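Listed below are the residues making up each chain.
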Amino acid sequence: MNNPDGVEVIGPAGPRYDEILTPEALTLIAGLQRELGPRRAELLAARSARQEELDAGAQFDFLSETAAIRADRSWRVAQPAPGLVDRRVEITGPTDQKMTINALNSGAKVWLADFEDANTPLWDNMVTGQLNLKDALDRKIDYKTPEGRAYELAPDEELATIVVRPRGWHLPEKHVLVDGQRVSGSLFDFALYFTHCARRQLDKGKGPYFYLAKMESHKEARLWNDAFCLAQDALGIPRGSVRATVLIETIPAAFEMEEILYELRDHSAGLNAGRWDYLFSIIKKFRTRGRDFVLPERNSVTMTAPFMRAYTELLVSTCHGRGAHAMGGMAAFIPSRRDPEVNKVALAKVRDDKTRESRDGFDGSWVAHPDLVPICREVFDGVLGEAPNQLGKLREDVSVSPADLLAIDQTPGTITEAGLRNNVSVGLQYLANWLAGTGAVAIFNLMEDAATAEISRSQVWQWLHNDITLDDGPKVTREFVEQVVTEELATIREQSGAAFDAAGYDQAAALFTEVALADDYADFLTLPAYERMP
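Description of the structure in this document. Just so we're clear, the structure is a prediction, and the values are computed from it rather than from any experiment.

1. Observations concerning the packing of aromatic side chains
- Under the defined criterion, the tally for this structure stands at 21 aromatic pairs.
- Taking 6.0 Å as the distance between ring centres and 20° as the angle between the ring planes, the aromatic pair formed by Phe210 and Phe228 counts as stacked. Taken together, the residues Phe210 in strand S9 (residues 209-212) and Phe228 in helix H6 (residues 218-235) connect sequence positions 18 residues apart.
- Ring plane angle 5° and centroid distance 3.7 Å describe the contact between Tyr278 and Tyr311, whose orientation is recorded as stacked. Taken together, the residues span a long stretch of sequence, with Tyr278 in helix H9 (residues 275-285) and Tyr311 in helix H10 (residues 306-321) at a distance of 33 residues.
- Judged by its relative accessible area of 0%, Tyr311 is buried.
- Positioned above the aromatic ring of Trp461, the side-chain terminus of Arg287 is 6.0 Å from the ring centre.
- Just above the ring of Trp75 sits the side chain of Arg322; from NZ or CZ to the centre is 3.8 Å.

Below, the structure written as structure tokens:
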């Protein structure tokens, strides 16, 4: 295959890779990278500058320079696109063959086909995932387990709408170079899917739809909007065919919801309350600001915490005021076929969570497992009936101040030794699986992804660097955490038996220790982890 000038594919070739890494796709990647790469670098530098200001005592507020956009009540985002009018249940998961078929067949309205937090960016995952999406649209995908169980697609009219989540702006793709530089992982994932599937989706009466992760400002949304315009023009796709839902999963973005919708208004499909990454962002941004910004252990922090209520209510009000969908957060519980009592308690929590979202005005919500689709659908059916959404529920009663969004010290909960051990164990197990190529991992009956692993290691870092004493135990010190790492590794080894991967867990322990205990905080654990990957 002849690559376009200035483009090097340095990742190894695999079966059918040439169907995805085509000259047309690589040309689009190169064009986007050359046009938008310098701005991407500037925006990432702006994140670092803002963090320095926060470390020095600065605080978030709604932007004065964009007050006119917020004050102008006349503008609206584009009308909901075909396949995205009714989104009462959305399922998330990586793009391997089995998950692709199961998610599309799940009964959910939308499948978030994930190249980000539920995926691990092994080169083969990134390319074969794109193949699986193309094959699914061509109805050429099937899967057979080693035991002989076969999976195949239901009829088209029964399938979920595909919405692809590319990697965030911070992540590179090291296996493709443009003019000697690594390309943006965001642009790589977007361009491959757009090249091969935009026309296929339009031919099916839908379109190329995306979820956009980890953004921290409306200027980052503008960069995505420019990518959409450039790609549509390059491939002769009508402008406005792309639709994008933005995950509001960082505290800076929570202060720029209106502006993010405005920047993407011709391509917007709404906002989503990305609750786990949102908690991670709060820990990260205020990690050095003392006890008032220290959250309780993660299993204590619920959606009823005052700062989380403010965030979700503002999201619904903002979206519906602009004609945009407001999507609820993830139900991460994994049903157990062996423990009905665990299921009973967890399913009650899922029902309560989805009931609260539906009553607040959300238009739908997320689940991580096909077995949770019926309960989420039942709850939203109870509120929606035959209506496709709740866009008419404007929530004009909502008034959220900066202080409400930042009321972190009002969060009830504890910091216990059990909570610390849970963070360490989840971090170790997740990283061992991530480094081995799996990005969505069932641990303690929860579907863990990169966001929850980020919370786990970031809380340990914050507790250590803010001199936190456990409610039922010792002060969090480096020596104590290292002891816990050793003990939790021994427990995992004992429970895993012959399946324990000693080399893999040694690597995971070294990485966890680096990102949880080092003096310098790593912005994303996936960055050093990616460098450990082939």
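2. Some words on the nonpolar core
- Core analysis: the largest hydrophobic core is formed by 121 residues, its most contacted members being Trp111 and Ile248.
- Excluding its chain neighbours within four sequence positions, the residues that come into contact with Ile248 are Ala253, Ala254, Met257, Ile260, Leu271, Asn272, Ala273, Gly274, Tyr278, Tyr311 and Leu315.
- Core analysis: the second largest hydrophobic core is formed by 41 residues, Tyr430, Leu431, Trp434 and Met533 among them.

3. Structural notes on empty space enclosed by the protein
- Under the criterion given, the structure shown has four cavities of 30 Å³ or more.
- The space that makes up the largest cavity amounts to roughly 120 Å³.
- For the lining of the largest cavity, the secondary structure elements donating two or more residues are H9 and helix H15 (450-465).
- The greatest single-element share of the lining of the largest cavity, amounting to three residues, is contributed by H15.
- Here the residues of the lining of the largest cavity sort into eight nonpolar, three polar and six charged.

4. Let's talk about the packing of H15 against helix H17 (residues 502-517)
- With their axes 7 Å apart at the nearest point, H15 and H17 run at an angle of 50° to one another. When the axes of H15 and H17 are compared, the pair comes out oblique. Residues Arg457, Val460, Trp461, Leu464 and His465 of H15 touch H17, and the partners they reach there are Phe512, Val515, Ala516 and Leu517.
- Taken together, the residues of the contact of H15 with H17 sort by class into seven nonpolar, one polar and one charged.

5. Topic: the state of the cysteines
- Tallying each qualifying case throughout the model produces zero disulfides.
- You can see Cys376 has no disulfide; the closest cysteine sulfur is in Cys319, sitting 17 Å from it.
- Overall, the relative accessible area of 0% leaves Cys376 in the buried class.

6. Quick word on the side chain of Glu448
- Note that Glu448 resides in strand S15 (residues 446-448).
- Its relative accessible area of 1% is what places Glu448 among the buried residues.
- Setting aside residues no more than four positions away along its own chain, Glu448 makes contact with Arg298, Val426, Tyr430, Gly439, Ala440, Val441 and Ile443.

7. Looking at helix H3 (residues 97-104)
- Within the span of H3, buried status applies to Met99, Thr100, Ile101, Ala103 and Leu104.
- Of the surrounding secondary structure, the elements contacted by the buried residues of H3 are strand S2 (89-94), strand S3 (110-114), helix H4 (123-137), strand S4 (142-144), strand S5 (150-152) and strand S6 (161-165).

8. Here's the deal with the pattern of salt bridges
- In the structure shown here, the tally under the stated rule is 45 salt bridges.
- The partner of Arg182 in a salt bridge is Glu531, and the shortest N-O contact between them spans 2.9 Å. Here the residue Arg182 occupies a position in strand S8 (residues 181-184), and Glu531 occupies one in helix H18 (residues 526-531), the gap between them amounting to 349 residues.
- By relative accessible area, Arg182 is classed as partly exposed at 35%.
- A salt bridge links Glu313 to Arg395; its shortest N-O distance comes to 3.0 Å. Within this pair, whereas Glu313 is found in helix H10, its partner Arg395 is found in the loop between helix H12 (373-384) and helix H13 (402-405), the two being separated by 82 residues in sequence.

9. Regarding unusual backbone geometry
- Located in the positive-phi region is Arg139, a residue other than glycine, with phi close to 55°.
- Of note, Arg139 is situated in the loop between H4 and S4.
- Since its relative accessible area comes to 38%, Arg139 is described here as partly exposed.
- Phi is positive for Asn445, close to 65°, though the residue is something other than glycine.
- Its location among the elements puts Asn445 in the loop between strand S14 (441-443) and S15.

What counts, and at which threshold
- Residues numbered from 1 in each chain as written.
- Predicted model: local features only at pLDDT ≥ 70, side-chain atom pairs only at ≥ 80, totals over all residues.
- Heavy atoms only, no water.
- Phe/Tyr/Trp six-rings, centres within 6.5 Å; stacked < 30°, edge-to-face > 60°.
- Helix = DSSP H or I, 4+ residues; strand = E, 2+ residues; numbered from the N terminus.
- Buried < 20%, exposed > 50% of the residue type's maximum accessible area, 1.4 Å probe, protein only.
- Lys NZ or Arg CZ within 6 Å of the ring centre and 35° of its normal.
- Core = buried A, V, L, I, M, F, W, Y, C linked by side-chain atoms within 4.5 Å.
- Contact = heavy atoms within 4.5 Å.
- 1 Å grid on protein atoms, 1.4 Å probe; cavity = no way out; pocket = protein on both sides within 12 Å on 5 of 7 lines; lining within 4 Å.
- Points joined across faces, edges and corners; volume = space filled by probe spheres on them.
- Nonpolar A, V, L, I, M, F, W, Y, C, P; charged D, E, K, R; others polar.
- Axes fitted to C-alpha atoms, helices over the stretch in contact; angles between N-to-C directions.
- Parallel < 35°, antiparallel > 145°, perpendicular 65-115°, else oblique.
- Disulfide = S-S within 2.5 Å.
- Salt bridge = Lys/Arg side-chain N within 4 Å of Asp/Glu carboxyl O.

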